[in-house]
Amino acid sequence: MPVLSPETLMKLFNVKEEDLDCGGLKLHLDKVFVPMGMGKISKESKTLPTYQEIQTNENNEYILGPGAYKIRYRELVKVPNNAIALALPRSTLLRMGATIYTAVWDPGYEGRGEGLMVVFNKDGIIIERGSQIAQLIFITLDRPTSFIYRGAYYRENIY
Ligand SMILES: O=c1ccn([C@H]2C[C@H](O)[C@@H](COP(=O)(O)OP(=O)(O)OP(=O)(O)O)O2)c(=O)[nH]1
């Protein structure tokens, strides 16, 4: 199925050229959290861990040692009802020894999405807050769907 081009995304989201990467919408780092305690998924419910927000240093940089972090993206996104999206890390992040894991961004989802950043580099990494760390790729579905996302994370982090 087609991946939406930067030209299409520019019209769809009413954004500027600088907001787009070659394959999708640029995603920038807004906040970083450390999961504390255990989360739980059961057949009927889910319980998230609590999170401790990490603060930047005096240069507005996150200094992140090896480990797993929940990150929040700056962009407020609405996934079209006929598409899904995937957030892929910048290759520079990979080259630095870190990555971002993504799940599926569902048709109709709205919000400031989150991801899991894992730092593998034993010496850690430095990211200035507001830097681009990923791009969001939009893939259209082969037909209109009534499976529109209205779950627990719908309109998350909208303020
Ligand atoms: O890496 C990702 C993937 C998805 N999302 C957003 C968009 C997606 O539509 C929503 C819910 O994702 P998913 O359906 O995978 O979550 P769930 O655990 O199944 O929650 P629910 O039970 O509400 O469907 O979270 C993110 O912020 N980051």
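In the annotation of an unreviewed UniProt entry, the entry for the protein chain reads dUTP diphosphatase, and the organism field reads Ignisphaera aggregans.

1. Looking at the pairing of strand β11 (residues 114-119)
Relative to β11, strand β6 (residues 67-73) is paired through 6 bridges, and the arrangement is antiparallel. Note on β11: the bridge partner recorded for Ile71 is Gly115. Examined bridge by bridge, strand β9 (residues 98-101) and β11 share 4 bridges and lie antiparallel to one another. Along β11, the bridge assignment pairs Ala98 with Val119.

2. A few points about the site of the ligand
Of all residues adjacent to the ligand, which total 14 residues, the nearest are Ala103, Asp106, Tyr109, Gly113 and Gly151. Here the residues of the shell around the ligand sort into 8 nonpolar, 4 polar and 2 charged.

3. Brief notes about the nonpolar core
Residues Leu27, Ala85, Ile133, Leu136 and Phe138 are the most contacted members of the largest nonpolar core, which totals 29 residues. Those elements that place two or more of their residues in this core are β1 (25-36), β5 (61-64), β6, β8 (83-89), β9, β11 and β13 (132-140). Broken down by element, this core gets its largest block of residues, 5 residues, from β13. Those residues in contact with Leu27 that sit more than four places away from it in its chain are Tyr73, Glu75, Ala87, Gln132, Ile133, Ala134, Gln135 and Leu136.

What counts, and at which threshold
- Residues numbered from 1 in each chain as written.
- Predicted model: local features only at pLDDT ≥ 70, side-chain atom pairs only at ≥ 80, totals over all residues.
- Pairing = 2+ DSSP bridges.
- Helix = DSSP H or I, 4+ residues; strand = E, 2+ residues; numbered from the N terminus.
- Near = placed C-beta within 6 Å.
- Nonpolar A, V, L, I, M, F, W, Y, C, P; charged D, E, K, R; others polar.
- Core = buried A, V, L, I, M, F, W, Y, C linked by C-beta atoms within 7 Å.
- Buried ≥ 20, exposed ≤ 12 C-beta atoms within 10 Å, placed from the backbone.
- Contact = placed C-beta atoms within 7 Å.

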